[in-house]
Amino acid sequence: SVRLRVGRDAGTGDVVMRMTDTGIGIADEDKERIFERFVQVDSTSTRKYNGSGLGLALVREYADVQGFAVSVDSELGQGSTFTITVPEEAIVGEDDV
């Protein structure tokens, strides 16, 4: 299952988006590698999941350009939580459009 939560940090005013899944999880040694282009944790020819290994790399690169932060918290067999933090000063409101 997948759960998306979006809220504001009461202390900083930042918008915090958290996507939590109940998937296979990510080993500690792979948590930074998954943000590199064309990297897949399982690169064997018999792997169970498809993909090019670009998605998370593009998310992090776009976030960096915008001044956002992207992180992951995960444990093998326990799923993962990906967090995107948008600083308050980067938020565009109705008055800014």
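Residues numbered from 1 in each chain as written. Predicted model: local features only at pLDDT ≥ 70, side-chain atom pairs only at ≥ 80, totals over all residues. Heavy atoms only, no water.

(A) Summary view of the overall build of the chain. When helices and strands are tallied, the chain shows 1 helix and 4 strands. In the chain, the succession of α and β elements from N to C terminus is β-β-α-β-β. Scored against the burial criterion, the 97 residues of the chain give a buried share of 29%. Surface exposure of the chain reaches about 6,900 Å², of which carbon and sulfur atoms provide 52%. (Helix = DSSP H or I, 4+ residues; strand = E, 2+ residues; numbered from the N terminus. Buried < 20%, exposed > 50% of the residue type's maximum accessible area, 1.4 Å probe, protein only. Areas by Shrake-Rupley, 256 points an atom, 1.4 Å probe, with all protein chains shown as cover.)

(B) Highlighting the environment of A69. Residue position: A69 is located in strand 3 (residues 69-75). Expressed as a C-alpha distance, the spacing of A69 and I84, which sit 15 residues apart in the sequence, is 5.6 Å. Apart from the residues within four sequence positions on either side, A69 is in contact with T83, I84 and T85. (Contact = heavy atoms within 4.5 Å.)

(C) A look at the environment of T22. Mapped onto the elements, T22 comes out in the loop between strand 2 (15-21) and helix 1 (55-66). By relative accessible area, which is 55% here, T22 ends up exposed. For the pair T22 and G79, spaced 57 residues apart in the sequence, the C-alpha separation amounts to 4.2 Å. There is a polar contact of 2.7 Å between the side chain of T22 and the backbone nitrogen of S1. (Polar contact = N/O pair within 3.5 Å; in protein donor to acceptor, adjacent residues only side chain to side chain.)

(D) Focus on the pairing of strand 4 (residues 79-86). Most of strand 4 is tucked away: 6 of the 8 residues are buried. Bridge analysis of strand 2 against strand 4 gives 7 bridges, and the strand direction is antiparallel. Paired with T20 across the bridge in strand 4 is T81. Direction of pairing for strand 3 relative to strand 4: antiparallel, over a ladder of 7 bridges. The residue of strand 4 that forms the bridge with A69 is T85. Two successive antiparallel strands, strand 3 and strand 4, enclose a turn made up of 3 residues, where G77 displays a positive phi of approximately 80°. (Pairing = 2+ DSSP bridges.)

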